[in-house]
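# Reading the structure
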Amino acid sequence: MKRQIPLIIIMTLGFMFVAHSFIPHKISVDFFDWFQDWAKAISPFAVSLGIMSLFMVHGTKIKRKVPNWQYSVITLAGLIFTAFAGFAWGTQSGTPYMWLFENVQMPMSATMFSLLAFYIASAAYKAFRARSAEATVLLVAAVVVMLGQVPLGAMISKWIPETSTWILNVPNLAAKRAIMIGVGLGITATSLKILLGIERTYLGGGD
Amino acid sequence: MNKNVISFFNKIQNIDRRYIYIVVAFSIIIPLLIPFNSRTYVTKPTEDIYKKVDSFAGDENKAVLMSFTHDASTMPELFPMEVSVLRHCFERNIKVFTICWIPAAAPLVDYALNTAREDFDVQSGVDYCNFGYKPYVLRLPIMLGMGDDIAKAVETDSQGRKVENLEIMKNIKNYDDMNLVIDFAASGSALQWITYARARFGANIAAGVTAVMVADNYPYLQTGQLMGMFRGLKGAAEYEKLVDVFAAYESEDYPNGRPFSKEVIKETRVPITGDTVPYKYKKARIGMNAQSVAHIMIIFFILLGNIGYFITRKKEL
């Protein structure tokens, strides 16, 4: 029963959603309204689960004093303080919550993401070599697209942005579409297998 | 070949990467600190979004929905797009809604709205409405639900007010009215809007994505499933310019902005070095200066690395 009940729920709801997508009948619309109410009721539990999980993982790390456990203290302190600031003073402009966002989260997140520029520059210098014909094509395409992305490319020649657009529109699209069609067929096949009860690994517990 | 040249390139090949980091850092920081005027070429995907948004100007029966699916890490690229679209809507009296799907995006929406609205006499619930944070698990039911009844799918805004009672909802029922959705994301999340809001309800979908995600979204742009796309910081800079040149333009003939024209955009250059345009409305164009220099530096490094590679290889042969 532990496996059969979830399987019945998934198969029944799965087929009902498929029917809802194609049959605009009142029963179908009512079913969707009912689902919306349920989804709204369930979603806060997902947040609670996330917070619980965070406390359990980092709480254990602090308790056992594992290497770098101090970072776990900062994580939990950050969570508690930010949540407290939001509940106590609100989240509008000028509140401690927004101050934290503007002066801590925003610059720190942007700093982490901007590191990418340094790694790309370093990797391009160290590894981007015209060692073969394929590598040379890749290198030339990269240079053209990079120039096409900035005003300087158009200033050098109108062909640079046009070639850059062609690279994105033709070879890039051909490869992307091939991948997407493969992924799409895979999703369809897996969805059907789940709906028909053939694929059951998501239920856990082996086989 | 001269021994000194070979020795130089040998050294250059094995240069400490920290020197590269320093050069990249300066090539980004200096153009940010000392802005210079560079030409912004407007491309069709950005132009199409502008024209679509502008077609709603002053229309009580139309609205734009801005969907935020990113956190602060990608703000440098996406935030200027969001502020520009909000500014455009406020300038041209277009109803605009905002919604976000991850908790980290909620303050970001407030920040964008606060940044844009301080220059305009606009009111929450009347001229714009922030639906606020909705958990990601509700994304699908809300996306589908808005096709029938927005007020029913969303229920309350970020301030806890009943959406159906807000003045902005007058004449706005579903995607027929809120006919343009712009999804700002550092991922391929626009696909969900295409699958559910466009395929089922015919909503117009546009995407604002980081430069690294542009290639992934190209297939949808080419098929027309995306009616337009902001392509990284470049797209943001293009939109900033369009708003400056048309929506924010004021003259005796055009007191509330002027209509889009290809000729005007070709001829007009908007200086970013003076105080004519507030800093918050030219951030992307200043950022593009830094990006231009950084791209040139990366290309220079690639060329230098390859010259060194061929010289040292020739010596080995």
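Computed from a predicted model, the values in this text were never measured in an experiment.

Criteria and thresholds
Residues numbered from 1 in each chain as written. Chains lettered and ligands numbered in written order. Predicted model: local features only at pLDDT ≥ 70, side-chain atom pairs only at ≥ 80, totals over all residues. Helix = DSSP H or I, 4+ residues; strand = E, 2+ residues; numbered from the N terminus. Buried ≥ 20, exposed ≤ 12 C-beta atoms within 10 Å, placed from the backbone. Contact = placed C-beta atoms within 7 Å. Pairing = 2+ DSSP bridges. Axes fitted to C-alpha atoms, helices over the stretch in contact; angles between N-to-C directions. Right-handed = clockwise from strand over helix to strand, strands pointing away. Domains from an automatic or database assignment. Nonpolar A, V, L, I, M, F, W, Y, C, P; charged D, E, K, R; others polar. Core = buried A, V, L, I, M, F, W, Y, C linked by C-beta atoms within 7 Å. Expected span 1.5 Å × (residues − 1). Parallel < 35°, antiparallel > 145°, perpendicular 65-115°, else oblique. Left-handed = near helix turned anticlockwise from the far one by under 90°. pLDDT = per-residue confidence, 0-100.

Our focus in this paragraph is the overall build of chain B. When its secondary structure is counted, chain B shows 12 helices and 6 strands. When the 317 residues of chain B are sorted by exposure, 50% land in the buried category. Within chain B, residue pairs in contact and separated by at least 24 positions form 75% of the contacts whose partners lie at least 6 positions apart.

All names here are of chain B. Reading across from one edge, E3-E2-E1-E4-E5-E6 is the order of the 6 strands in this open sheet, with parallel pairing throughout. For this open sheet the edge positions go to strand E3 (128–133) and strand E6 (228–231), each flanked by a neighbour on one side alone. Averaged over all adjacent pairs, the angle separating strand axes in this sheet is 15°, with direction ignored. The pairing of strand E5 (residues 204–209) with E6 spans 4 bridges and is parallel. Counterpart to Ala206 in the pairing with E6 is Gly228. Sitting on the sheet, helix H3 (residues 44–54) is in contact with strand E1 (63–69), strand E4 (180–185), E5 and E6, with an inclination near 125° to E6. Sheet strands touched by helix H4 (residues 75–91): E1, strand E2 (95–100), E4, E5 and E6. Its angle to E4, the strand with the most contacts, is close to 155°.

Turning our attention to the pairing of E3(B). Residues and elements named next belong to chain B. With 5 bridges connecting them, E2 and E3 associate as parallel partners. Residue pairing across strands places Ile99 opposite Gly132, the latter belonging to E3. In this view, the connection linking E2 to its parallel neighbour E3 by way of helix H5 (residues 106–117) has right-handed handedness.

Turning our eyes to something else, we now look at the interface of chain A and chain B. Taken together, the 48 residues of chain A in the interface contact 47 residues of chain B. At the level of secondary structure, the elements contributing two or more residues to the side of chain A that touches chain B comprise helix H2 (26–64), helix H4 (96–127), helix H5 (133–148), helix H6 (151–156), helix H7 (159–169) and helix H8 (171–195) of chain A. With 17 residues, the single largest contributor to the side of chain A that touches chain B is H4(A).

Residue and element names in this part refer to chain A. When the domains of chain A are assigned, the result is domain 1 (1–89) and domain 2 (90–117). A C-alpha centroid distance of 25 Å is found between domain 1 and domain 2. On the domain 2 side, the residues contacting the 4 residues of domain 1 number 6 residues. When the residues that make up the side of domain 1 that touches domain 2 are grouped by side-chain class, the tally is 2 nonpolar, 2 polar and no charged.

The subject of this paragraph is the nonpolar core. Counting 113 residues, the largest nonpolar core has Val64(B), Ile205(B) and Leu226(B) as its most contacted members. Leu226(B) has contacts with Ala190(B), Ile194(B), Ile205(B), Ala206(B), Ala207(B), Asn217(B), Tyr220(B) and Leu221(B), leaving out every residue within four places of it along the chain.

Examined at the domain level, chain B breaks down into domain 1 (3–37 + 286–316) and domain 2 (44–268). Distance from the C-alpha centre of domain 1 of chain B to the C-alpha centre of domain 2 of chain B: 38 Å.

Turning to helix H8 (residues 190–201) of chain B, a few remarks are in order. Residue and element names in this part refer to chain B. Within H8, burial applies to Ala190, Leu191, Trp193, Ile194, Tyr196, Ala197 and Arg198. Buried residues along H8 sit against helix H6 (139–145), E4, E5 and helix H9 (214–223). Just downstream of H8 lies Gly202, where phi reads positive at about 75°.

A few words on H8(A). Taking 1.5 Å per residue, 25 residues should reach 36 Å; H8(A) reaches 36 Å between its end C-alpha atoms and fits that length. After H8(A) finishes, the residue Gly197(A) shows a positive phi value of roughly 80°.

Moving on, we come to the packing of H4(B) against helix H10 (residues 232–247) of chain B. How two helices pack is summed up by the angle between their axes together with the distance between the axes. All names here are of chain B. Interaxial distance between H4 and H10 falls to 8 Å at its minimum, and their mutual angle equals 20°. Relative to H10, the element H4 is oriented roughly parallel. Here H4 runs over H10; the crossing is left-handed. Contact residues: H4 offers Glu77, Pro80, Met81, Ser84, Val85, Arg87, His88 and Glu91, while H10 offers Gly232, Leu233, Gly235, Ala236, Tyr239, Glu240, Val243 and Ala247. Across the contact of H4 with H10, the residue classes break down as 8 nonpolar, 4 polar and 4 charged.

Any region with low pLDDT has predicted coordinates that should not be read closely. For chain A, mean pLDDT is 89; residues scoring 70 or higher make up 99% of the total. The least confident element of chain A, judged by mean pLDDT, is H6(A) at 85; the most confident is helix H3 (residues 69–89) of chain A at 94.

Let's shift gears to the packing of H4(B) against H5(B). All names here are of chain B. Contact geometry of H4 with H5 gives a least axis separation of 9 Å together with a crossing angle of 50°. It follows from the interaxial angle that H4 and H5 lie oblique. Where H4 crosses over H5, the handedness of that crossing is right-handed. Of the residues in H5, those in contact with Met75, Phe79, Glu82, Val83, Leu86, Arg87 and Phe90 of H4 are Leu108, Ala112, Leu113, Thr115, Ala116 and Arg117. Looking at the contact of H4 with H5 residue by residue, the class counts come to 9 nonpolar, 1 polar and 3 charged.

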